[in-house]
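# Structural overview
Okay, here's what each chain looks like letter by letter:
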Amino acid sequence: MAAAGLGAVGGTIVEILYVWSSLTAWQQARRKARERRRARLPRLDEYLDPVADALVAATRLALGAAAALLFRDQITGTMAAIAVGASAPALLRQVGTLRTLQGTPQEEPAASGESREAAR
């Protein structure tokens, strides 16, 4: 459970950084509008969508927790668990696209073919 919690923390950090970058962009747009003495300042909802952002944040937390649980045997420390949670969408996408070798035909070794000939 500790791995899941730390993975969720990693996902949370990524979402906090996204919100921070959106707030910074909004702040800069407001400053430019004030410098140009525009009557209309940009609104916050032009930079953040609370409903969509909350759903994405919740999903990222769940993905972070799931990825940390999935990789818990390979995680060796707190920072590693947080990093797995932060990179969860990319990690899980990679795991989902791995191909197995189940469908590849296997060749019989030449020695077994020779032993069949000797048995005849």
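Summing up its helical and strand segments, the chain has 5 helices and 0 strands in all. The secondary structure elements of the chain, listed N-terminal to C-terminal, are α-α-α-α-α. Per-residue burial for the chain yields a buried fraction of 20% across its 120 residues. A fraction of 65% describes how many contacts in the chain between residues 6 or more apart in sequence connect residues 24 or more apart. In the form shown here, the chain has an accessible surface area of approximately 9,100 Å², with 60% of it arising from carbon and sulfur atoms.

Moving on: the packing of helix α1 (residues 2-35) against helix α3 (residues 78-86). The geometry of α1 relative to α3 is characterised by a closest axis approach of 6 Å and an angle of 55° between their N-to-C directions. The orientation of α1 relative to α3 falls into the category oblique. For the element pair α1 and α3, the recorded crossing hand is right-handed. Contacts between α1 and α3 involve Ala3, Leu6, Gly7, Val9, Gly10, Gly11, Ile13 and Val14 from the former and Thr78, Ala81, Ile82, Gly85 and Ala86 from the latter. When the residues that make up the contact of α1 with α3 are grouped by side-chain class, the tally is 8 nonpolar, 5 polar and no charged.

This part takes up the packing of α1 against helix α2 (residues 50-70). For the pair α1 and α2, the least separation of the axes is 7 Å and the interaxial angle reads 145°. In this structure, α1 meets α2 at a crossing whose hand is right-handed. Two secondary-structure elements touch here, α1 through Ala3, Ala4, Gly7, Ala8, Gly11, Thr12, Val14, Glu15 and Tyr18 and α2 through Asp53, Val56, Ala57, Arg60, Leu61, Gly64, Ala65, Ala68 and Leu69. Here the contact of α1 with α2 is composed, by residue class, of 11 nonpolar, 4 polar and 3 charged.

Here the focus is the environment of Ala8. Relative to the helices and strands, Ala8 is located in helix α1. A relative accessible area of 17% means that Ala8 is categorised as buried. Linking Ala8 and Leu61, residues 53 residues apart in sequence, is a C-alpha distance of 4.5 Å. Apart from residues no more than four positions distant in its own chain, Ala8 is found in contact with Leu61, Gly64 and Ala65.

A few words on unusual backbone geometry. For Arg37, which is not glycine, the phi torsion reads 55° and is therefore positive. Position of Arg37 relative to the elements: it lies in the loop between α1 and α2. Taking relative accessible area as the criterion, Arg37 reaches 75% and is therefore assigned exposed.

Mapped onto the fold, Arg60 is located in helix α2. On the basis of relative accessibility, which here comes to 18%, the residue Arg60 falls in the buried class. Only 3.2 Å separates the side chain of Arg60 from the backbone oxygen of Ala86, close enough to count as a polar contact. Once you skip the residues sitting within four places of it in the chain, Arg60 turns out to touch Gly11, Val14, Glu15, Ala86 and Pro89.

Bringing α2 into the picture now. In this model α2 runs 30 Å from its N-terminal to its C-terminal C-alpha over 21 residues, within 8% of the 30 Å that 1.5 Å per residue would give. Taken together, the buried positions of α2 are Asp53, Arg60, Gly64, Ala65, Ala67 and Ala68. Buried residues along α2 cover an arc of 165° about the axis, so they all sit on one side. In α2, the exposed residues that point more than 90 degrees away from the buried face are Val51, Leu55 and Leu70. Looking at the buried residues of α2, the elements they touch are α1, α3 and α4 (88-97).

Definitions and limits used
- Residues numbered from 1 in each chain as written.
- Predicted model: local features only at pLDDT ≥ 70, side-chain atom pairs only at ≥ 80, totals over all residues.
- Heavy atoms only, no water.
- Helix = DSSP H or I, 4+ residues; strand = E, 2+ residues; numbered from the N terminus.
- Buried < 20%, exposed > 50% of the residue type's maximum accessible area, 1.4 Å probe, protein only.
- Contact = heavy atoms within 4.5 Å.
- Areas by Shrake-Rupley, 256 points an atom, 1.4 Å probe, with all protein chains shown as cover.
- Axes fitted to C-alpha atoms, helices over the stretch in contact; angles between N-to-C directions.
- Parallel < 35°, antiparallel > 145°, perpendicular 65-115°, else oblique.
- Left-handed = near helix turned anticlockwise from the far one by under 90°.
- Nonpolar A, V, L, I, M, F, W, Y, C, P; charged D, E, K, R; others polar.
- Polar contact = N/O pair within 3.5 Å; in protein donor to acceptor, adjacent residues only side chain to side chain.
- Expected span 1.5 Å × (residues − 1).
- Arc of directions from axis to C-beta.

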